[in-house]
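Residue-level listing of the chains:
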Amino acid sequence: VPGVLLDVDGPLEYIAVTKGGTKAYESLLELNVNAFEFNLACILIGLDSNHAKNSGFHFDPEPVQGDPVHIGVNWSWEGKQVETPAEGMLLDQGQPVKPGTWVYTGSSFTPDNRYLAELDGTLIGFVHDPASIIEHQMGLGLGNYGALQADRNVLPPVGTPVTLTVRRLVSKGP
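Residues numbered from 1 in each chain as written. Predicted model: local features only at pLDDT ≥ 70, side-chain atom pairs only at ≥ 80, totals over all residues. Heavy atoms only, no water.

## A closer look at the overall build of the chain
Phase 1 of the analysis: Regarding its fold elements, the chain presents two helices and 12 strands.
Phase 2 of the analysis: Traced from its N-terminal end to its C-terminal end, the chain shows the element sequence β-β-β-α-β-β-β-β-β-α-β-β-β-β.
Phase 3 of the analysis: The C-alpha atoms of the chain give a radius of gyration of 15 Å, which matches the 16 Å a tight globule of 174 residues would have.
Phase 4 of the analysis: Along the first, second and third principal axes, the C-alpha set of the chain runs to 45 × 40 × 35 Å. (Helix = DSSP H or I, 4+ residues; strand = E, 2+ residues; numbered from the N terminus. Rg over C-alpha atoms; globule rule 2.2 N^0.38 Å.)

In structure tokens, the structure reads:
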């Protein structure tokens, strides 16, 4: 999915939001897609929300469950292609974030059947937000708001076009 790197000097809660998403001020990337399109693409690569256990509330400390995915982000910089996993763009209290598991939760619906991901524009988060379509399984920065920041040593300048790729991971079984 194409998008751009946002200007993120403050605390982060999301890897990616929709174009014009209300949570852009807490996201690294703005993608050129709406939540319905992004979710449909996830379904088309074989992700199933029936396997998910979403967070109960924003900053829920309980791990979320769902089909595992790999999230990669790439861009062109000084004539070279650069690629990093999603967590490779983040610092937790100044330290690189260790690799973790990202899972498809599919987001949630309001009691009157409105799709939370579309309402907030949240696509990929790591603070366990019921609105996100994909979440970091264990959560990042939970209980320590502001701990997650952009790794400016890894990221290109603000406004740089990027491509985000979600790949379904297939379990090897027991």
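## Some points on the side chain of glutamate 30
Phase 1 of the analysis: Turning to its location among the elements, glutamate 30 is positioned in strand S3 (residues 27-31).
Phase 2 of the analysis: Only 3.0 Å separates the side chain of glutamate 30 from the backbone nitrogen of glycine 20, close enough to count as a polar contact.
Phase 3 of the analysis: Ignoring anything within four residues of it in the chain, the contact list for glutamate 30 reads Gly3, Val4, Leu6, Val17, Thr18, Lys19 and Gly20. (Polar contact = N/O pair within 3.5 Å; in protein donor to acceptor, adjacent residues only side chain to side chain. Contact = heavy atoms within 4.5 Å.)

## Quick look at the sheet that holds strand S6 (residues 90-92)
Phase 1 of the analysis: Here we have three strands laid out as an open sheet, ordered S7-S6-S11, and antiparallel in their pairing. Single-partner strands in this sheet number two, and they are strand S7 (95-96) and strand S11 (148-150).
Phase 2 of the analysis: Where S6 and S7 come together, two bridges link them in antiparallel fashion. Paired with aspartate 92 across the two strands is glutamine 95, which belongs to S7. (Pairing = 2+ DSSP bridges.)

## Regarding the packing of aromatic side chains
Phase 1 of the analysis: Tallied over the full model, the rule gives two aromatic pairs.
Phase 2 of the analysis: Between phenylalanine 36 and tyrosine 115, the ring centres sit 5.5 Å apart and the planes meet at 25 degrees, which makes this aromatic pair stacked. Here phenylalanine 36, found in helix H1 (residues 35-44), pairs with tyrosine 115, found in the loop between strand S8 (102-104) and helix H2 (116-120); they are 79 residues apart in sequence, far enough to count as distant.
Phase 3 of the analysis: On the basis of relative accessible area, phenylalanine 36 is assigned to the partly exposed category, the value being 49%.
Phase 4 of the analysis: Between phenylalanine 109 and tyrosine 115 the ring centres are 5.1 Å apart and the planes differ by 35 degrees, which places this aromatic pair in the tilted class.
Phase 5 of the analysis: Here tyrosine 115 falls in the buried class, since its relative accessible area comes to 6%.
Phase 6 of the analysis: Each residue in the set Phe36, Phe109 and Tyr115 is aromatic and connected to the rest through ring pairs, giving one cluster. (Phe/Tyr/Trp six-rings, centres within 6.5 Å; stacked < 30°, edge-to-face > 60°. Buried < 20%, exposed > 50% of the residue type's maximum accessible area, 1.4 Å probe, protein only.)

## Focus: a nonpolar patch on the surface
Phase 1 of the analysis: There is a patch of nonpolar side chains on the surface, built from Leu40, Ile43 and Leu44 and spanning about 310 Å² of accessible area.
Phase 2 of the analysis: Mapped onto the elements of the fold, leucine 40 is located in helix H1. (Patch = residues over 30% accessible without salt bridge, like charges linked within 9 Å, V, L, I, M, F, W, Y side chains within 5 Å. Areas by Shrake-Rupley, 256 points an atom, 1.4 Å probe, with all protein chains shown as cover. Salt bridge = Lys/Arg side-chain N within 4 Å of Asp/Glu carboxyl O.)

## Some details on the nonpolar core
Phase 1 of the analysis: Of all hydrophobic cores here, the largest spans 42 residues; its most connected members are Ile15, Leu28, Leu29, Phe38, Ile134 and Leu164.
Phase 2 of the analysis: Secondary-structure elements contributing two or more residues to this core are strand S2 (14-18), S3, H1, strand S4 (67-77), S8, strand S9 (122-125), S11 and strand S12 (161-168).
Phase 3 of the analysis: Among residues more than four places away in sequence, those in contact with leucine 28 are Val4, Leu5, Leu6, Val8, Leu12, Tyr14, Ile15, Met89, Leu90, Ala150 and Leu155. (Core = buried A, V, L, I, M, F, W, Y, C linked by side-chain atoms within 4.5 Å.)

## Some words on the environment of glutamate 135
Phase 1 of the analysis: Among the structural elements, glutamate 135 can be located in strand S10 (residues 134-136).
Phase 2 of the analysis: Residue classification places glutamate 135 among the buried residues on the basis of a relative accessible area of 0%.
Phase 3 of the analysis: For glutamate 135, the residues in contact, after removing those within four places along its chain, are Val64, Thr101, Trp102, Val103, Thr105, Gly125, Phe126, Val127, His128 and Asp129.
Phase 4 of the analysis: From its side chain, glutamate 135 meets the backbone nitrogen of aspartate 129 in a polar contact 3.0 Å long.

## Thoughts on the pairing of strand S1 (residues 2-5)
Phase 1 of the analysis: Of the strand pairs in this sheet, S1 and S12 are connected by three bridges, and their pairing is antiparallel. Counterpart to valine 4 in the pairing with S12 is proline 161.
Phase 2 of the analysis: In the sheet, S1 pairs with S3 via three bridges, with the strands oriented antiparallel. Residue pairing across strands places glycine 3 opposite leucine 31, the latter belonging to S3.

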